[in-house]
Each structure stands twice: as structure tokens, then as C-alpha cells.
Amino acid sequence: MTDLKEIIQNAALSHNLENSQITAILKDDSINDFLFACADKVREKYVGNEIHLRGLIEFSNICKCSCKYCGIRKENTSVERYRLSENEIILLAQKAKQYGYKTIVLQSGEDSFYSTEKMISIIKKIKSMDFAITLSIGEKTYDEYKAYKDAGADRYLLRIETTDENLYKNMHPNMSFENRINCLKNLKKLGFETGTGCLVGLPGQSIESLANDILFFKELNADMIGLGPFIPAPDTPLKNETGGTLTLALKVMALTRLLLPDINIPATTAMETLAPDGRIIALKSGANVVMPNVTDENCKQKYTIYPGKAGLNNTPEEYKSCITSKIESIGRKISNGYGFRNKF
Ligand code: SAM
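An account of the accompanying structure is given in this report. (Residues numbered from 1 in each chain as written. Predicted model: local features only at pLDDT ≥ 70, side-chain atom pairs only at ≥ 80, totals over all residues. Heavy atoms only, no water.)

### Details of the overall build of the protein chain
The following threshold applies: Strands are runs of DSSP state E lasting at least 2 residues, helices are runs of H or I lasting at least 4, and numbering of each runs from the N terminus. For a compact globule the rule gives 2.2 Å times the number of residues to the power 0.38, and the radius of gyration it is set against comes from C-alpha atoms. A 1.4 Å probe rolled over the protein chains alone gives each residue an accessible area, and that area as a share of the maximum for its type sets the label: buried under 20%, exposed over 50%, partly exposed in between. Contacts are residue-level and defined by heavy atoms, with any inter-residue pair within 4.5 Å sufficient. Per-residue accessibility takes into account occlusion by the displayed protein chains alone, with areas from the Shrake-Rupley method and a 1.4 Å probe. A residue counts as positive if it is Lys or Arg and as negative if it is Asp or Glu; His and the chain ends are not included. In this description, the location of a charge corresponds to atom NZ of lysine, CZ of arginine, CG of aspartate or CD of glutamate.
Helix and strand counts for the protein chain come out as 14 helices and ten strands. Rg of the C-alpha trace for the protein chain: 19 Å, near the compact-globule value of 20 Å for 344 residues, within the 12% margin. With the C-alpha coordinates of the protein chain rotated into their principal frame, the extents come out at 60 × 40 × 40 Å. Going through the 344 residues of the protein chain one by one, you find that 58% of them count as buried. When contacts within the protein chain are restricted to residue pairs at least 6 apart in sequence, those whose partners lie at least 24 apart make up 75%. Summed over all atoms, the accessible surface of the protein chain reaches about 14000 Å², with 49% contributed by carbon and sulfur. Of the side-chain charges in the protein chain, 44 are positive and 42 negative, and the distance between the mean point of each set is 3 Å.

So this is what it looks like as C-alpha cells:
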């Protein structure tokens, strides 16, 4: 057995790695299958064979931010903007109920139209329908996060995107790395199941910094990690850059599973976008969550954070039946539970 395989095998038991070890694993593609198989075993041991489906509602593509990679950044005038009313959001949640989903993920651009009062009302209504609620609506104050939590929100996703501070500053004009970290700390403090993650393959991103990203997830003791390849989007400053690869994103994900064995890790849409079975490959390499999109056709097409987003041509009904049979075909089962983290 090579040194690297031994290091991976030990990490599958100790759940610890150093930056230099992670970097070496990320740089060597000869051990990929071994890494994916180890991550899959750790996944099975700690979170079992059940897959949690979370119904995703993309309720607004209006955003005040200028993230250089993002297709819905405020400067992009070629995007047709939309925002859903409370009633429209509730109707989508009712549909998600019919598909049997136990969690609603509410995601949007950073759209100040949705005041704290509006969000509280939406959260309370969805909560009364017996869902777990995940929010992914960006950076807010401690008091705003507290108000969402008090209203019944359970989880919050806020990717750090990159822990390389200079790269972060370059990618996110007018945003503060320190504030992003503070937001994550506040979410943890408030008792949210806290999700973070990174983009893989950003221009100028080093392998060492990806290793630091993984160590940051461990240090934060994140409850969920969502990561995916950077996919260049038209009408953004990064439109001519080379995107990230599925393989590298899968490797970052598999290493995350080794270090945080009991957390929830989605097989992300960006992974499916780069390969027809990207989600299934991810589910066999450490992931245990899928977030089917329940947003209406018309709006889904406009939530263009990157081009060619997987699932745009399926109705939510078609997607549910397709993902169910794919999941069963790899010997896994759809969970009936809410899918909270069971800490070991
Ligand atoms: N506004 C919220 C926030 O900032 O957390 C949620 C919406 S944001 C569009 C959701 C995620 O999309 C980001 O965390 C980012 O990682 C991802 N994303 C944006 N542009 C992308 C691109 N070009 N390729 C891959 N992922 C992208």
C-alpha cells in the first residue's frame, strides 16, 4: 500500500489530517478510487444508507451582491429578475409535501424586500406544515438570525466560498471575510444546524487553500457541507475563466467526509451539471443528501447562477421519480425522517 493510501485509511478511523497530507491527496489522482471508496464506507458507518431529500425553493433571484462568479450578481442586467410572494412560496411548500419531502430549503439572492417580518411569517407558515426548515439567504445580523430561529428555522447554509482571505476579497467586492466568519459563528451560537462549504476551482485558488477550507469545516464543526465546482457564468467578470472539475470537487467532498464523518453532505446540482450522473457518483463518494428543486419552471429557468444547471428540463414530479429510482438502483433508500445530524 502506498503512503497516501495508508494516510487515507488512517484518516477514515481517526478523522484527522494535516494540511500537508490533504494537499498531497488532492494533488495525486492515482488514489482517487481508493479515497472515494473509503469516504463511502465512512458515510455508511456513520450516517447509514438513507438519503435525505430536501425540497429546494429558489424564491428570489434579486441580489445586492457582486460576487464575481455568480450569474445573478446585481450587475448582471441580462437576468430576468423575479421574487415570489409569500403565497407562492407556501404553494410550492405544499407541493413539496405531496412529494414526501421533510425539509424545505429556502434559497435566494440577498434581497432586502424580504424583511425580517416577512421571513418570520413565511417560516412560521412552513413550520406549521411540519417541515424542517433550512435557510440560505445570505449574511444577516445576529438579531435577524435569532428572529428566524425563534420563528422555527432549523438550519442555515452559508458557504465560506474560500478561506483564502485574499481570494475571498478579490471574488467578493464590498464584502468582508471577517463578517462572513462572524455570521457562521453567530449561526452556531444560535443553535442552527450550520452548513458551509466552498467553491472548487476558482481562478487563483491553490490546492493548499482547498486543504485549509476542509480544515476550516472541521474547526467550525459544521453540520452540513455543500460544495461544488465553480462553473463560469456568462455576463460575469469570470466568464472566460476555466471552471473547476468534478473530480477535484468530489475529492474535497470525500476528504470532508473522512474528517466530519457524521454530518450531512449534499450531492450538489453543480456536480450533476458537469456529469450526467454527477449526483449519483457523489452519493457513492461520501454524500448522503439530495436537494430536488421544487421551484416553478418559469422561475427555475431564471435562477441562473451558472449555465446548464442540471434539472432545468425536468418537472419536480419527473425529478422525484427519476432520483428515487436512481437512488434505489445503487442500493440506497429514501429517508422518512427530517435528517438532522446525529452527532457521534
Ligand atoms: N445568497 C445566498 C448566499 O450567499 O449564501 C444563497 C444564494 S448563492 C447564489 C448560493 C451558492 O451558489 C453560493 O454559495 C455559491 O457557492 C454558488 N454559486 C454561485 N455562482 C456559482 C458558479 N458560477 N458556479 C458554481 N456555484 C456557484
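So that's the structure; there's more coming.
### What about the packing of helix H2 (residues 19–27) against helix H10 (residues 246–259)?
For clarity, the threshold we go by: Axis angles are defined between N-to-C directions and span 0 to 180 degrees, where every axis is a line fitted to C-alpha atoms and, for a helix, only to the segment in contact. Should the near helix be turned counterclockwise from the far one by less than a right angle, the crossing is left-handed, whereas a clockwise turn marks it as right-handed. Charged means Asp, Glu, Lys or Arg here, nonpolar means Ala, Val, Leu, Ile, Met, Phe, Trp, Tyr, Cys or Pro, and polar covers whatever is left, Gly included.
Axis separation between H2 and H10 bottoms out at 10 Å; the angle between their running directions is 145°. In terms of crossing hand, the pair formed by H2 and H10 is right-handed. Of the residues in H10, those touching H2 at Ile22, Ile25, Leu26 and Lys27 are Leu248, Lys251, Val252, Leu255 and Leu259. A per-class count over the contact of H2 with H10 returns seven nonpolar, no polar and two charged.

### Observations regarding the nonpolar core
Defined as follows: We call a set of buried Ala, Val, Leu, Ile, Met, Phe, Trp, Tyr and Cys residues a nonpolar core when their side-chain atoms join them within 4.5 Å.
Within the largest apolar cluster, 107 residues are counted, with the highest numbers of intra-cluster contacts made by Ile57, Leu106, Met119, Ile126, Tyr148, Leu227 and Leu258. In terms of residue count, the dominant contributor to this core is H10 (ten residues). Discounting chain neighbours no more than four positions away, the residues touching Leu227 are Arg159, Cys198, Val200, Phe217, Ala249, Val252, Met253, Thr256, Thr268 and Met271. In this structure, Leu56, Leu157, Met224 and Val289 belong to the second largest nonpolar core, which totals six residues.

### What to know about the packing of aromatic side chains
Our working definition: Aromatic rings from Phe, Tyr and Trp, taking only the six-membered ring of Trp, are treated as a pair when their centres fall within 6.5 Å; an angle between ring planes under 30 degrees marks them as stacked, one over 60 as edge-to-face, and anything in between as tilted. Counting as a charge over the ring demands two things of the Lys NZ or Arg CZ atom: a distance within 6 Å of the ring centre and an angle within 35 degrees of the ring normal.
Following the criterion strictly, the structure yields ten aromatic pairs and no others. Ring centres of Phe216 and Phe217 lie 6.5 Å apart, and the angle between their planes is 65°; on these two criteria the pair is classed as edge-to-face. As far as burial versus exposure is concerned, Phe216 and Phe217 are alike and both buried. Seen from their ring centres, Tyr338 and Phe340 are 6.3 Å apart, and the 45° between their planes marks the pair as tilted. The exposure class of Phe340 is partly exposed, given its relative accessible area of 35%. Linked through ring pairs, Tyr145, Tyr148, Tyr156 and Phe192 together constitute an aromatic cluster. Above the face of the Phe131 ring, Lys97 is positioned so that its terminal group lies 4.5 Å from the ring centre.

### Let's talk about the pairing of strand S3 (residues 132–136)
Put simply, the test is: With the strands pointing away from the viewer, any crossover whose connection runs clockwise from the first strand over the helix to the second is right-handed. Strands qualify as paired when DSSP identifies two bridges or more between them.
With five of five residues buried, S3 lies mostly within the body of the structure. Crossover connection from strand S2 (residues 103–108) via helix H5 (residues 116–127) to parallel S3: handedness right-handed. Taken together, the two bridges between S3 and strand S4 (residues 155–157) define a ladder with parallel strand orientation. In the sheet register, Thr134 faces S4, and the bridge partner there is Arg155. Crossover handedness for the path S3 to helix H6 (residues 142–151) to S4: right-handed.

### Some words on the site of the ligand
Put simply, the rule reads: A cutoff of 4 Å decides nearness: a residue is near a molecule or strand if any of its heavy atoms lies inside that distance of it. Polar contact criterion, stated in full: a pair of N or O atoms within 3.5 Å, where within protein one must be able to donate a hydrogen and the other to accept it, and residues adjacent in sequence count only if both atoms are side-chain atoms.
Around the ligand, the surrounding shell holds 18 residues, and the nearest of these are Tyr69, Ser108, Arg159, Glu161 and Ile231. Within the contact set of the ligand, an oxygen atom lies 2.6 Å away from a side-chain nitrogen or oxygen of Glu161. At a separation of 2.7 Å, a nitrogen atom of the ligand approaches a polar backbone atom of Ile231. The protein chains hide 92% of the 570 Å² of surface that the ligand would expose on its own. Here the shell around the ligand is composed, by residue class, of ten nonpolar, four polar and four charged.

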